[in-house]
Every structure is written in structure tokens, then in C-alpha cells.
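Spelled out, the chains give:
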Amino acid sequence: CHEAQKDMMLENFVHTPVSEGNCTGCHDPHQSDFKYTLKGEASELCFTCHDSKEFDDNVVHGPVAAGDCNVCHNPHASPNEKQLVSPIETLCFNCHKEQENKMNSRHKHKPAEERCTNCHSPHANKTEFLLPSQSPDLCYTCHEDIKTFTASLYQHKPVADGQCKSCHDAHASDNPRLFPLAQEDLCLSCHNELKEYIASQTFKHGPVKEGDCIACHAPHGSEYPLILKAYFPEEFYKSYATENYALCFECHNKNFALDKNTTNLTSFRDGDRNLHYLHVNKDVKGRSCKACHQVHASSQEKHIRTSVPFGKIKWELPIKFTKFEDGGKCVVGCHAPKEYHRK
């Protein structure tokens, strides 16, 4: 009678009662109060063989809660494992269309690209979204290297709060590292004061101009203040050594202040007199880079700051810099106006 179902039984994955020829294990051969002359409601019938404990947890998948196993499983046979009605990598998208669209993004989280069940239980689980645990614990099951940053002296606040999803999309994104926004926009979505300051300035530091905050800052944690990627002194005055400015020298020439006289190490020179050496290469009162330069952006060329804090009360000494074709002029509160010319 059931010729229409005959070919289906030739599929790769056949429900055990069907493969054993036990149709009456699920269907009453004479009559029933249930559709398809089943011996009971679909969900109750399934639990006569399948352990219901797997489906009983804090959060239950909608079809399971509704007792509609057949939304995902064919009760007889299927070309897909576990008699799924569609391949597992696309089955979830039958309902979750918004995630299907997201998976068309340029960058995909590897577990999400492989199969949703790498992170989500299809039946029931302990926490929201059918996850076995929430971030950061769930993330650390794969990203053990990131967990090490939780022991860092300085931690990025989202890391300290265990909020991986504040900076990363769990499924996919058009931005590298699964950032939900472009890197600069993401960082400045929290650092609002810095956003306003940078927008108001004319000259931007190279990494800032490129929107590359993590060129200088470790996004998870660091042993250095301000979660910097390398050492930079907090002090205004610091005995000069190249290792004291390791962060800056990841990009800038580390030899620029080593020679008292030069014609090529720096453009900040009067003839061949190295003015970087003059300002910073001191045993006691070597001045930090930030004595003259703003690290993010400035209204003056060369990222020269408009003022510098001085003394215990942090009185602001003004700095006015004018760039010349062969040098510049400084009108500052710490010494008389001075000009320098490379030629």
C-alpha cells in the first residue's frame, strides 16, 4: 500500500524501527486517536525509545518544547545523519534566516561555519541560546591562548568582565577578527571622549589615521599600563635608553636619539645638531616622547601638543609650533622662542 515510502527506505540513514521492519513499533495497524495511526503524541512516542533526560534542561529548543521532533527529523529515513530533514550545516537556517544571511559575511567563525551544533545543543542545554556555558568560559574551550590574558596586570575591561561578545561576533562579520564594526569604530564606541578629541584634530598619528588601535594597544591584556603592547614610561622624565621607548620603536627608528650630531637619523636638527638627542638623551631628566607629542592626534604638525603639564599641580605650559620647509620654530613656556634649520 505504501509504495510512496518504499524508495525513501533506501536512504543512507534509516530509523532503527524502520530498518528492523517494525512499523508497528510506532503505528497501530488498526486504529488510533492520533494522526498516521501513531500509538501516541509524536514527542511522547519518541521518548519510548529515546532518553528524555537529554531534552530536559534549563533552556529547551522551540521544536522540542512544542513536541515537534519531525521539524528536524524524518521519522523514517533520510540522506542525512540522524535522519535530519536537511544537511546539518543548513538545517538550522530553515528557521534562523537572520543567521543564514550573516553567514554570507566575509569572515566566519570556524565552529559556526562547520556546524551550529559545535556550540549550540539542538535539543536543550544549560544556558541561553542552548549553549553549554556562556562567554568567556565557552570561548575558552577553544581559545585557551586568550584565557592567559586574564592573568595580565592590565586587562581590557570587556575581557575582565568576560564579555567576549562586546568586541566579537560569535558567528560571522565583514570585519577582520569578527569585529561587529570596523576596528576604529568599535574601539571609539566605548572611548567616546577620545573619539571626540580625534575628530576635532587636524593631524593624526599614523595608526590612528589608519584606524589601527591595536598597533599600540593589546586588545585583551598587557603587562603595561593602558594595555600597551610594549613598554612606554608613565613618567614625564626618564633616563634615556632605547628599551624605555620600546613601543615607539616598533615603528620609529630606535637610533634617532643616540648620536649628538647627525644628518640623517632625524629631521629635528639644527644643521647637524640632533635636537632629539638634546631633548631626550639625558641621564636624569630625559624627556618622554609625550613631552612634545600627542600620541593620538594634534592640531599642530608632527603631532606636537598644544601644551605640556608641568610641576605637581600640572600647570599647562603652552607650545606653539610652526613648521618651515627646512625646519621649524617653537614658542614654548619652558624656554625662549627658538628656530631650527636643517640647511
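A short tour of the structure in this document, coming up.

## Notes on the sheet that holds strand S13 (residues 307–310)
Now for step 1: Spatially, S13-S14-S15-S16 is the arrangement adopted by the four strands of the open sheet, whose pairing is antiparallel. Every other strand in the sheet has two partners, leaving S13 and strand S16 (338–341) as the edge strands with one partner each. Taken pair by pair, the neighbouring strands of this sheet meet at an average axis angle of 20°, ignoring direction.

## Observations regarding the nonpolar core
Now for step 1: If you look at the biggest cluster of nonpolar residues, it comprises 11 residues: Leu228, Ala230, Phe232, Tyr240, Tyr245, Leu247, Cys248, Phe249, Phe256, Ala257 and Val280.
Now for step 2: Contact partners of tyrosine 245, with chain neighbours within four places excluded, come to Tyr231, Phe232, Pro233, Lys238, Tyr240, Arg287, Ser288 and Cys289.
Now for step 3: Within the second largest apolar cluster, 10 residues are counted, among which are Ile304, Val308, Cys330 and Tyr340.

## A few points about the pattern of salt bridges
Now for step 1: Under the defined criterion, the tally for this structure stands at six salt bridges.
Now for step 2: Its salt-bridge partner being glutamate 235, residue lysine 238 comes within 3.7 Å of it at the nearest N-O pair.

## Some thoughts on the environment of serine 222
Now for step 1: Take serine 222: it is sitting in strand S9 (residues 221–222).
Now for step 2: Sequence separation between serine 222 and histidine 156 is 66 residues, and the spatial gap between their C-alpha atoms is 8.4 Å.
Now for step 3: Setting aside residues up to four positions removed in sequence, serine 222 forms contacts with Ser152, Leu153, Tyr154, Ile227 and Leu228.
Now for step 4: Side-chain polar atoms of serine 222 contact the backbone oxygen of leucine 228, separated by 2.5 Å.

## Some thoughts on the packing of aromatic side chains
Think of a pair of aromatic rings as described by two things: how far the centres are apart, and how the planes are tilted against each other in angle.
Now for step 1: According to the stated counting rule, one finds seven aromatic pairs in the structure shown.
Now for step 2: Aromatic side chains phenylalanine 47 and phenylalanine 55 sit 5.1 Å apart centroid to centroid with 55° between the ring planes, which places their arrangement in the tilted category.
Now for step 3: Owing to a relative accessible area of 16%, phenylalanine 55 belongs among the buried residues under this scheme.
Now for step 4: With a centroid separation of 6.3 Å and 65° between ring planes, the pair formed by tyrosine 224 and tyrosine 231 is classed as edge-to-face.
Now for step 5: Linked through ring pairs, Phe232, Tyr240 and Tyr245 together constitute an aromatic cluster.
Now for step 6: Sitting over the face of the ring of tyrosine 237, lysine 285 holds its NZ or CZ atom 4.9 Å from the ring centroid.

## With respect to unusual backbone geometry
Leaving glycine out, the prevailing phi sign among residues is negative, and the prevailing peptide bond configuration is trans.
Now for step 1: Cis geometry marks the peptide bond from serine 135 to proline 136, where omega comes out at 10°.
Now for step 2: Within the secondary structure layout, proline 136 lies in the loop between strand S5 (124–125) and helix H8 (137–140).
Now for step 3: For leucine 130, which is not glycine, the phi dihedral falls at a positive 60°.
Now for step 4: With respect to the helices and strands, leucine 130 occurs in the loop between S5 and H8.
Now for step 5: Even without being glycine, leucine 226 reaches a positive phi, approximately 60°.
Now for step 6: Note on placement: leucine 226 falls in the loop between S9 and strand S10 (269–270).

## Digging into the pairing of S16
Now for step 1: Pairing geometry for strand S15 (residues 327–332) and S16, over four bridges, is antiparallel. Following the sheet pairing, glycine 327 is matched in S16 by histidine 341.
Now for step 2: Hairpin connection of S15 to S16: five residues between the antiparallel strands.

## Details of the environment of phenylalanine 268
Now for step 1: For phenylalanine 268, the location among the structural elements is in the loop between S9 and S10.
Now for step 2: Once the C-alpha coordinates of phenylalanine 268 and glycine 327 are considered, the two residues, 59 residues apart in sequence, prove to be 7.1 Å apart.
Now for step 3: The residues contacting phenylalanine 268, other than those within four sequence positions of it, are Arg273, Asn274, Leu275, His276, His279 and Tyr340.

Calculation notes
- Residues numbered from 1 in each chain as written.
- Predicted model: local features only at pLDDT ≥ 70, side-chain atom pairs only at ≥ 80, totals over all residues.
- Heavy atoms only, no water.
- Pairing = 2+ DSSP bridges.
- Helix = DSSP H or I, 4+ residues; strand = E, 2+ residues; numbered from the N terminus.
- Axes fitted to C-alpha atoms, helices over the stretch in contact; angles between N-to-C directions.
- Core = buried A, V, L, I, M, F, W, Y, C linked by side-chain atoms within 4.5 Å.
- Buried < 20%, exposed > 50% of the residue type's maximum accessible area, 1.4 Å probe, protein only.
- Contact = heavy atoms within 4.5 Å.
- Salt bridge = Lys/Arg side-chain N within 4 Å of Asp/Glu carboxyl O.
- Polar contact = N/O pair within 3.5 Å; in protein donor to acceptor, adjacent residues only side chain to side chain.
- Phe/Tyr/Trp six-rings, centres within 6.5 Å; stacked < 30°, edge-to-face > 60°.
- Lys NZ or Arg CZ within 6 Å of the ring centre and 35° of its normal.

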